[in-house]
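Overview (structure and organization)
So the chains spell out like this:
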Amino acid sequence: MPQGSSQARPRRARAPHRVTVIVDAGTNPFEVGVATELFGLPRPELGVRGPLYEVTLCTPGSGVRMNHGFFTLTGVSGLEAVDGADTLVVPGRPDNVVPRGADVLDAIRRTHARGARVISFCTGSFALAEAGLLDGRRATTHWMWADTFRKLHPKVLLEPDVLFVDDGDLLTAAGSAAALDLGLHVWRRDHGAELANAVSRRLVFAAHRDGGQRQFVERPVPDVPDESLGPLLAWSQERLAEPLTVADLAARAAVSPATLHRRFRAQLGTTPLAWLTGERVALACRLIERGEERLDVVAARSGLGTAANLRARLRRETGLSPSAYRRRFGPSER
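Below is a summary of the structure that appears in this document.

Reading the values: the criteria
Residues numbered from 1 in each chain as written. Predicted model: local features only at pLDDT ≥ 70, side-chain atom pairs only at ≥ 80, totals over all residues. Heavy atoms only, no water. Helix = DSSP H or I, 4+ residues; strand = E, 2+ residues; numbered from the N terminus. Polar contact = N/O pair within 3.5 Å; in protein donor to acceptor, adjacent residues only side chain to side chain. Contact = heavy atoms within 4.5 Å. Buried < 20%, exposed > 50% of the residue type's maximum accessible area, 1.4 Å probe, protein only. Pairing = 2+ DSSP bridges. Axes fitted to C-alpha atoms, helices over the stretch in contact; angles between N-to-C directions. Parallel < 35°, antiparallel > 145°, perpendicular 65-115°, else oblique. Nonpolar A, V, L, I, M, F, W, Y, C, P; charged D, E, K, R; others polar. Core = buried A, V, L, I, M, F, W, Y, C linked by side-chain atoms within 4.5 Å. Left-handed = near helix turned anticlockwise from the far one by under 90°.

With respect to the helices and strands, the residue Thr123 is situated in the loop between β6 (117–120) and α3 (124–130). One polar contact links the side chain of Thr123 to the main-chain carbonyl oxygen of Arg93, over a distance of 2.9 Å. If near-sequence neighbours (up to four positions away) are discounted, Thr123 is found in contact with Gly92, Arg93, Asn96, Arg100, Thr141, His142 and Trp145.

Given below as structure tokens:
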């Protein structure tokens, strides 16, 4: 099997993690779709017996008119559904200066109070802050609303230049597309890099985008789109153990390093070196998940070179040492 490829191995069946999504009046339908796509659809290609997540949509009242009135959501659970959630997702809406309903805020508060994980997408962070969950905590929101957020919620430690913030039991995504970044991060956190990468391939979306949302602020769209990086990425992923450099990638793509850098920024929102490092760390994670215990072998096969570099990179990307990662995601835990 090529170095950069992977095949999910069968895992033990487990009770699905219950995800509840609050759909309030004016909610953005895209973010509801992101939640259901990430956590609600069957994924037989993962080789897992039984679903890993179970999604429930809930609304205050019998029906909710979505953003701009494109459609109305009916026939779903009421807000009492949050009481069974392991994770609560709060999508955003455009009217962020309009207070949320007391019933919605109470549902968010009591879900967090009993120890469930709470996630917001885009401007859903306004609801979390309004509920009092984010005071003294790290969070992010869409860059267009950052100044308004600071004025309304000055006690929140706002990080406006990132795609998402993981502050333990409170996670916030900066925008609608960043909801995908955060959702895949949740997959990695819950089930390891191998399954998260499989989901990202199904979505045809980068498993990990370095950089922050500043790169997306009022950036003009080029008149002529850059050529797809797909073939180069596939070629590189099969050679991660080799001493590839940015110059090697540029030569393979028959462009200058500066042009390659611009294409990576435009298409992936990151740099060639950061992408290459991220892919190597992801491969190292997959090797550990599959049972390889020799750190020097993992470092060599993933292109990270030394066990010391592997330890440093893995801790930076996952917050875990190799031994802690193995205990959490290794074969004995599946």
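Here the narrative resumes, following the displayed structure.
In this section: the pairing of strand β10 (residues 170–173). Residues Leu170 and Thr172 point to one face of β10 and Leu171 and Ala173 to the other, with burial holding for every one of them. Note: β6 against β10, 3 bridges, orientation parallel. Looking at the pairing, Ser120 lines up with Thr172 of β10. Where strand β9 (residues 164–166) lies against β10, 3 bridges are found, and the strand directions are antiparallel. The residue bridging Val165 from the neighbouring strand is Thr172, located in β10. Hairpin remark: β9 followed by β10, antiparallel, with 3 residues in the connecting loop; positive phi at Gly168, about 85°.

A few words on the packing of helix α5 (residues 178–191) against helix α6 (residues 193–203). For the pair α5 and α6, interaxial distance at closest approach is 7 Å and the crossing angle is 150°. With respect to α6, the element α5 is oriented roughly antiparallel. On α6, the residues that touch Leu180, Leu184, Trp187, Arg188 and His191 of α5 are Ala193, Leu195, Ala196, Val199, Ser200 and Leu203. Partitioned by chemical class, the residues of the contact of α5 with α6 number 8 nonpolar, 2 polar and 1 charged.

Membership of the largest hydrophobic core comes to 35 residues, with the highest contact counts inside it found for Leu38, Phe121 and Trp187. The element best represented in this core is α5, accounting for 7 residues. Among the nonpolar cores identified, the runner-up in size contains 31 residues, and Val255, Phe264, Leu268 and Val298 belong to it.

Let us now look at the packing of helix α1 (residues 29–39) against α5. In contact at an axis separation of 10 Å, α1 and α5 are set at 25° when each is read in the N-to-C sense. Comparing the axis directions of α1 and α5 gives the class roughly parallel. Handedness of the crossing formed by α1 with α5: right-handed. Contacts between α1 and α5 pair Val34, Leu38 and Phe39 from the former with Ala179, Leu180, Gly183, Leu184, Val186 and Trp187 from the latter. For the contact of α1 with α5, a count of residues per class yields 8 nonpolar, 1 polar and no charged.

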